[in-house]
Amino acid sequence: MSQPTKQNESIRRYAASDQSAIVVEGLVKHFGGVKALDGVDLDVKTGSVLGLLGPNGAGKTTAVRVLTTLLKPDSGSVKVAGLDVVDDAAALREQIGLAGQYAAVDENLTGRENLTMVGRLYGMKRREAQARADELLDRFELDEAANRPANTYSGGMRRRLDLADALVAKPAILFLDEPTTGLDPRSRLALWGTIEELVAEGTTVLLTTQYLDEADRLADRIAVIDHGKVVADGTSDELKDRVGGERLEVKLDDDGFNQRAIEILGSMSDEDPFVEGESVKLTVRERRGAIVEAVQKLNEAGIGIDDIGLRRPTLDEVFLSLTGHALETEDDETQEDGK
Amino acid sequence: MKRLVSDTLVIAERNLVRLPRAPDLLLAFTVQPIMFLLLFVYVFGGAIVTPGYSNYVDFLLPGIIVQNIAFGGFVTAVGLNEDLSKGLIDRFRSLPMSRPAVLAGRTLADVATNALSMTILLVTGLTIGFRFDAGLLEIAGGVVLLLLFGYAFSWVFAWLGLLVSSPESANSVGFIAVFPLTFISSAFVPVDSMPSALQWFAEANPFTVVVDAMRALWLGAPAGNSIWGAFVWTFVIMAIFAPLAVAVYRSAAGGK
Ligand SMILES: Nc1ncnc2c1ncn2[C@@H]1O[C@H](COP(=O)(O)OP(=O)(O)OP(=O)(O)O)[C@@H](O)[C@H]1O
Ligand SMILES: [Mg+2]
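Not measured: the values here are computed from a predicted model. By convention here, each chain's residues receive numbers from 1 onward along its written sequence. To label them, take the chains in the order written and letter them from A, then take the ligands in the order written and number them from 1. At least 70 in pLDDT is required for a residue's local features to be given in this predicted model, at least 80 for side-chain atom pairs to be given and counted, and no such filter applies to totals for whole chains, interfaces and linings, which use all residues. Derived side-chain values reflect all non-hydrogen atoms in the structure, with water molecules and hydrogen atoms excluded from consideration.

S.K.: Help me understand the site of ligand 1, please; the structure alone is not making it clear to me.
M.R.: Being near a molecule or strand, for a residue, means having at least one of its heavy atoms within 4 Å of it. Surveying the vicinity of ligand 1 reveals 16 residues, the closest of which are Asn-56, Gly-57, Lys-60, Thr-61 and Thr-62 of chain A. More than one chain reaches ligand 1: the nearby residues come from chains A and B. Any pair of N or O atoms that falls within 3.5 Å is considered a polar contact. Within protein, one atom must be able to donate a hydrogen and the other to accept it, and sequence-neighbouring residues count only if both atoms are side-chain atoms. Between an oxygen atom of ligand 1 and a side-chain N or O atom of Lys-60 of chain A, the distance comes to 2.8 Å. In this structure, an oxygen atom belonging to ligand 1 sits 2.7 Å away from a side-chain N or O atom of Thr-61 of chain A. Each accessible area is a Shrake-Rupley estimate made with a 1.4 Å probe; only the visible protein chains count as cover when residues are assessed. Burial of ligand 1 by the surrounding chains reaches 72%, relative to a free accessible area of 640 Å². What counts as a helix is a DSSP run of H or I of at least four residues, what counts as a strand is a run of E of at least two, and both are numbered from the N terminus. The set of elements that each furnish at least two residues to the shell around ligand 1 consists of strand S2 (34–45) and helix H2 (60–67) of chain A. For the shell around ligand 1, the element with the highest residue contribution is H2 of chain A, accounting for three residues. Across the shell around ligand 1, the residue classes break down as five nonpolar, seven polar and four charged. In this classification, the charged set is Asp, Glu, Lys and Arg, the nonpolar set is Ala, Val, Leu, Ile, Met, Phe, Trp, Tyr, Cys and Pro, and all remaining amino acids, among them Gly, are polar.

S.K.: Looking at this structure, how should I read the environment of Gly-59 of chain A?
M.R.: Residue and element names in this part refer to chain A. One can find Gly-59 in the loop between strand S3 (49–53) and H2. When its relative accessible area of 8% is taken as the criterion, Gly-59 is described as buried. Placed 30 residues apart in sequence, Gly-59 and Lys-29 show a C-alpha to C-alpha distance of 9.3 Å. Non-local contacts of Gly-59, meaning those with residues more than four positions away in its chain, are made with Ala-36, Leu-37 and Ile-225. Three labels apply to residues, based on accessible area from a 1.4 Å probe with only protein chains included: buried if under 20% of the type maximum, exposed if over 50%, partly exposed otherwise in between. Residue contacts follow a heavy-atom distance rule, with two residues in contact if any of their heavy atoms lie within 4.5 Å.

S.K.: For this particular structure, what's the right way to read the coordination of the magnesium ion (ligand 2)?
M.R.: Geometry reference: four tetrahedral donors at a metal, ideal angle 109.5 degrees. Six octahedral donors, ideal angles 90 or 180 degrees. Residue and element names in this part refer to chain A. Protein coordination at the magnesium ion (ligand 2): the donors are Thr-61 (OG1) and Gln-101 (OE1), at 1.8 to 2.1 Å from the metal. In this pair, Thr-61 is assigned in helix H2 and Gln-101 in the loop between strand S6 (96–99) and helix H4 (111–121), connecting sequence segments 40 residues apart. Each member of the pair, Thr-61 as well as Gln-101, is classed as buried. Any nitrogen, oxygen or sulfur atom within 2.8 Å of a metal ion counts as a donor, with the limit raised to 3.2 Å for Na, K and Ca, and since water is left out, coordination shells can look unfinished.

S.K.: Would you take a moment to explain the interface of chain A and chain B for this structure?
M.R.: Many analyses report the size of an interface as the accessible area lost when the parts associate. Between chain A and chain B, the contact holds 32 residues from the first and 24 residues from the second. Summed over both partners, the interface of chain A with chain B buries about 2,500 Å², with 54% contributed by carbon and sulfur atoms. Buried area is calculated as the accessible area (1.4 Å probe) missing from two parts once they are joined, with the contributions of both summed. The largest per-residue losses of area from chain A upon contact with chain B belong to Arg-93, Asn-108 and Leu-121 of chain A, which jointly make up 27% of the total buried on that side. A carboxyl oxygen of Asp or Glu within 4 Å of a side-chain nitrogen of Lys or Arg is what we treat as a salt bridge. Viewed at the interface, chain B and chain A are joined by eight salt bridges. Among the ionic pairs, Asp-106 of chain A bridges to Arg-18 of chain B, the shortest N-O distance being 3.0 Å. Looking at the side of chain A that touches chain B, the elements that each hand over two or more residues are helix H3 (89–93), S6, H4 and helix H6 (155–167) of chain A. For the side of chain A that touches chain B, the element with the most residues is H4 of chain A, which contributes five residues. Residue composition of the side of chain A that touches chain B, grouped by class: 16 nonpolar, five polar and 11 charged.

S.K.: For this particular structure, what's the right way to read the sheet that holds strand S12 (residues 274–276) of chain A?
M.R.: Residues and elements named next belong to chain A. At least two bridges found by DSSP between two strands is the condition for calling them paired. On the basis of which strands lie adjacent, the open sheet formed by four strands has the order S12-S13-S11-S14 and antiparallel pairing. The open sheet has two edge strands, S12 and strand S14 (305–311), and neither has a second partner. Between one strand and the next, the sheet's axes are offset by a mean angle of 15°, whatever the strand orientation. Relative to strand S13 (residues 279–283), strand S11 (residues 247–252) is paired through five bridges, and the arrangement is antiparallel. Bridge pairing in S13 places Leu-248 opposite Leu-282. In the packing of helix H11 (residues 290–300) onto the sheet, the strands contacted are S11 and S14, and the crossing angle to S14 comes to about 155°. Working convention: axes come from line fits to C-alpha atoms, limited for helices to the stretch in contact. Angles between N-to-C directions cover 0 to 180 degrees.

S.K.: Help me understand the pattern of salt bridges, please; the structure alone is not making it clear to me.
M.R.: Side-chain pairs of opposite charge can arise whenever the charged atoms involved come near each other. Residues and elements named next belong to chain A. Enumeration according to the criterion identifies 29 salt bridges over all chains in this entry. The shortest N-O distance in the salt bridge between Glu-197 and Arg-139 comes to 2.8 Å. Of the two residues, Glu-197 sits in helix H7 (residues 185–200) while Arg-139 sits in helix H5 (residues 126–139), which places them 58 residues apart along the sequence. What makes Glu-197 partly exposed here is its relative accessible area of 42%. The residue Glu-141 makes a salt bridge to Arg-186 at a minimum N-O spacing of 3.6 Å. A residue pair is termed long-range when its members are at least 10 positions apart, and Glu-141 in the loop between H5 and H6 and Arg-186 in helix H7 qualify at 45 residues. Classification of Glu-141 by relative accessible area gives partly exposed; the value is 49%.

S.K.: Explain helix H4 (residues 74–85) of chain B here, please?
M.R.: Along an α-helix, residues three or four positions apart point the same way, because every turn accommodates 3.6 residues. Residues and elements named next belong to chain B. For H4, built from 12 residues, the straight-helix expectation of 16 Å at 1.5 Å per residue is met to within 8% by its first-to-last C-alpha distance of 17 Å. Here H4 lies mainly inside the structure; 10 of its 12 residues are buried. Phe-74, Val-75, Thr-76, Ala-77, Val-78, Gly-79, Leu-80, Asn-81, Asp-83 and Leu-84 are the residues of H4 that are buried. Backbone geometry just downstream of H4 places Gly-87 in the positive-phi region, at approximately 85°. In a helix, the anticipated span is given by 1.5 Å times the number of residues less one.

S.K.: Quick question: what am I supposed to make of the side chain of Arg-120 of chain A here?
M.R.: Residue placement: Arg-120 of chain A occurs in helix H4. On the basis of relative accessibility, which here comes to 17%, the residue Arg-120 of chain A falls in the buried class. Leave out the neighbours within four places in its chain, and Arg-120 of chain A touches Arg-126 and Ala-129 of chain A together with Asp-7, Val-10 and Glu-13 of chain B.

S.K.: Hey, could you run me through the side chain of Lys-281 of chain A in this one?
M.R.: All names here are of chain A. With respect to the helices and strands, the residue Lys-281 is situated in strand S13. Lys-281 sits in the buried class, given a relative accessible area of 19%. A polar side-chain atom of Lys-281 sits 3.2 Å from a polar atom in the side chain of Glu-276. Residue contacts for Lys-281: discarding those within four places in its chain leaves Leu-248, Glu-249, Pro-273, Phe-274 and Glu-276.

This is the structure in structure tokens:
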């Protein structure tokens, strides 16, 4: 039914036809009075990685749950691997792997038993499922803990076991809801490597994340979602361009920091400069000559400079300007809420 | 259909494998029934008059086994609710497996645990003086009835476990539902010793029907309508609650 070889064939089939692996049009989902998804459109090309980025409560998990047939959409059309999430749900499940936001492993089963069970539920024979389990335990460095019940695992180990569960059938399309939340930096890097390997083998990945560096590194395209709507979508570069041109950052020396300096620098930009400590940050109209111009003007006014540089906007800034709030702050708030 | 069978077996195996690793549950299947039996026989036994039975343990054992088997479904209710809140149900629902298999596997595993506690109760009962008054065929028929009735009841608990919001409430709702049902029946005392309002309830109670059927099968008590009545009740309960539970499972939103 879902032997690895067949899976690979289906990957190749989608790749060859250059079909989109995921097409979402006008997806709406309510929970009572809450509009969790308010007309979402997505298009993920086969073999690419889409990063779904958004603050808490934006609707990321809801989107993933609809796309993986766990929730029925209220309206809109959702196709995964060319199959409709409502009408072809059973066939669709053969094509996907899911690692949800919270690790879903059986605490009383060992790592190996968990993976073997999932393999058999994908339709593998016991032997085949066991062999696949061992492969994955090895890949996720769980081989030493393979025969211990999962309730003895650390949070990160559980997370890795959950991801391994999602990969058991070598799915053509993989859904990862905040896959690296709760992983230490080393495990996170290892997981990024694994995802890149899977993509190199032709897997399509949709991942949600709170980490902009993760989206920046892994995602071919990023969709920023807020209040159930996609507010921007494109490559990381495109999004950065959208937010505006180059950033000029000037650190003034102690004596030089005054209103006059801010006015001088402000004249180089269409927007008000952003002042942080003794640093002034602004979006410049023209990259070329910006540094020279700033140095000259400040020099003429007798204002000293400690440091000056040009850089592209970060995804954080993109996010801030698109959603009106930074990711990290949102995160802190929810933690205080005790989530 | 082939998938339904193989997936059900995988899930049943999973539930049986994890059982010995949850010692509190194992205790519920082994020590608890023995404790109940001994308490009833030696604390209440002397005070309860059971006309037609040479001693209380003969009267009690079929009743206590039926009660115990009804309680066996608790594991299903609590376990399913745990699966729901820990996200395992989401995992299963995202797999290309047969939909009813998660519940069918659970309830099938209950048959094994029910058989275990039934055996324990029988052995204890025989040790303290219980004696069959029946042929092998009737004894076996009783065992079959017990396991079927337990299986039907597991579906009630499966439905319950998917409806309530936490494993703890699965536990207490189950308790509140099953305790009166088993006590206001012929399981522990003769029905005609109860006040008349309770008698009316006790006589209509499926537990009474099943317990009476067990006494007829194992002890040669007058059967009346109880034997076929017990099988009818068993199938009616199954026919109502299995589809209900599967419907709730299909639409289960899943906890966070
Ligand atoms: N089962 C549910 N019942 C009621 N409301 C829900 C349910 N699931 C989600 N919501 C609501 O839908 C909105 C979107 O939630 P969702 O979980 O999709 O957000 P998210 O982007 O994944 O957030 P996070 O970053 O915190 O995981 C929220 O307002 C949430 O409260
Ligand atoms: Mg989420």
